[in-house]
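# Overview (structure and organization)
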Amino acid sequence: MTTTTPEIKETAPRADKPQRIKRGNVIGNTGLYIATGVAAFLFLVPFYLIVRNALSTDAEITGEKWKFFPTDIQWGNISELFTDNTVPYATSLWNSTVVGVAHTVGVLLVCSLAGYGLARIPYKHANKIFYLVLVTLMVPAAVTFVPSFVLVSSLGWVSSFRGLIIPGLFSGFTCFLFRQYFLGFPKELEEAARVDGLGYWGAYWRVVVPNSLNFFAAIATITFIQGWNAFLWPLVIGQDQEAWTVQVALSSYMTNQTVNFHLIFMATAISILPLVLVFLFLQRWLVQGVAQTGIKG
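Residues numbered from 1 in each chain as written. Predicted model: local features only at pLDDT ≥ 70, side-chain atom pairs only at ≥ 80, totals over all residues. Heavy atoms only, no water.

As a further point, take the overall build of the protein. The helix and strand inventory of the protein stands at 14 helices and 0 strands. Counted from the first residue to the last, the protein has its helices and strands arranged as α-α-α-α-α-α-α-α-α-α-α-α-α-α. Looking at the 297 residues of the protein, the share that counts as buried comes to 34%. Within the protein, residue pairs in contact and separated by at least 24 positions form 74% of the contacts whose partners lie at least 6 positions apart. In the structure as shown, the protein presents an accessible area of about 18,900 Å², 67% of it carried by carbon and sulfur atoms. (Helix = DSSP H or I, 4+ residues; strand = E, 2+ residues; numbered from the N terminus. Buried < 20%, exposed > 50% of the residue type's maximum accessible area, 1.4 Å probe, protein only. Contact = heavy atoms within 4.5 Å. Areas by Shrake-Rupley, 256 points an atom, 1.4 Å probe, with all protein chains shown as cover.)

Residues Val51, Phe68, Phe69, Ile73, Trp75, Ile78 and Phe82 make up a contiguous nonpolar surface patch of about 680 Å² in total accessible area. Take phenylalanine 68: it is sitting in the loop between helix H2 (58-62) and helix H3 (76-83). Judged by relative accessible area, phenylalanine 68 falls into the exposed class, the value being 62%. (Patch = residues over 30% accessible without salt bridge, like charges linked within 9 Å, V, L, I, M, F, W, Y side chains within 5 Å. Salt bridge = Lys/Arg side-chain N within 4 Å of Asp/Glu carboxyl O.)

Those residues of helix H5 (residues 126-136) not exposed but buried are Ala126, Phe130 and Val133. The buried residues of H5 occupy one face: seen down the axis, they fall within an arc of 55 degrees. Turned more than 90 degrees off the buried face of H5, the exposed positions are Lys128 and Leu132. (Arc of directions from axis to C-beta.)

For serine 159, which is not glycine, the phi torsion reads 60 degrees and is therefore positive. Here serine 159 lies in the loop between helix H6 (141-154) and helix H7 (161-165). On the basis of relative accessibility, which here comes to 22%, the residue serine 159 falls in the partly exposed class.

A separate point is the UniProt feature "transmembrane region" (unreviewed entry) in the protein. Feature annotation in UniProt assigns "transmembrane region" (unreviewed entry) to the following positions: residues 30-51, 98-118, 130-152, 164-182, 203-225 and 261-282. Regarding residues 130-152, the helix share stands at 83% and the strand share at 0%, and the terminal C-alpha atoms are separated by 26 Å. Measuring from the first to the last C-alpha atom of residues 261-282 gives 32 Å, for a span that is 100% helix and 0% strand. (UniProt positions renumbered as here; feature names shortened; annotations may be inferred.)

Of the volumes computed, that of the largest pocket is approximately 1,100 Å³. If you trace the largest pocket, you find 36 residues lining it, with Ala141, Pro167, Gly168, Phe170 and Gln226 closest to the centre. Elements that contribute at least two residues to the lining of the largest pocket include exactly helix H4 (89-120), H6, H7, helix H8 (172-183), helix H11 (213-229), helix H12 (232-237) and helix H14 (261-291). The dominant element in the lining of the largest pocket, judged by the number of residues it contributes, is H11, at 7 residues. A per-class count over the lining of the largest pocket returns 23 nonpolar, 13 polar and no charged. Size it by volume and the second largest pocket reaches roughly 210 Å³. What lines the second largest pocket is simply Phe47, Ile225, Ile272, Leu275, Val276, Phe279 and Leu280. Here the lining of the second largest pocket gets 5 residues from one element, more than from any other, and that element is H14. Broken down by class, the residue content of the lining of the second largest pocket amounts to 7 nonpolar, no polar and no charged. (1 Å grid on protein atoms, 1.4 Å probe; cavity = no way out; pocket = protein on both sides within 12 Å on 5 of 7 lines; lining within 4 Å. Points joined across faces, edges and corners; volume = space filled by probe spheres on them. Nonpolar A, V, L, I, M, F, W, Y, C, P; charged D, E, K, R; others polar.)

Here's what the structure looks like:
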């Protein structure tokens, strides 16, 4: 008796499916590149307009015939900007630098310590204090503006760095971000530091901060940009020209009588350079820090 084995037919794999997948990936990547290119173009157009108008005359800026770039580049607009006696632009740049750096360092120190204390130090009223911090986020800034000015004025801090910096050293939202981030920080590292004899301050300064530089860099970038672009509070506090910041100086080029278009655009171009440099230098840490904001727990 002979047994017959059934023939096994080998089926060749279908080649059209991988081709469809590959074709779909190409189409998806092409669409992504097109969308990214359009978005980049839209974001770069304002920068082009600022640079173009900063190196033009008022007649070319307001003229009917548009030119992609000025025929005669006005490099003298730079010297005119810094030699204008009516607006101390160089002083305003220095003031904004001092305010931005001091504001950033102060917010990082105060809010990180507050967030670390709420996240790690055992205290029966810690949650209540945290909820009070959250309540401050619901209070409109316009409500606290006048009382803050009255307090600063009574202390004699008008037209001074103290009046420009100290009232903004605490941010409820930044404190909230630090608290949420520290809740997700590995406790094992802090426990090892306590075994070595470090307290809460030692663990914070020697362990937590060095291992959280990405998050600190992200918060520092956002805080510096916010402090640099602040306008209303510096406008009210900086009543003397020597206390003007960049944003206040920019507003002074536009009055009811005259509008110096070329000086406005040149001052704007120079004022955004520090922000661009800060972003380019810290963008890697900024992206990683935002990804580690710790909105959990």
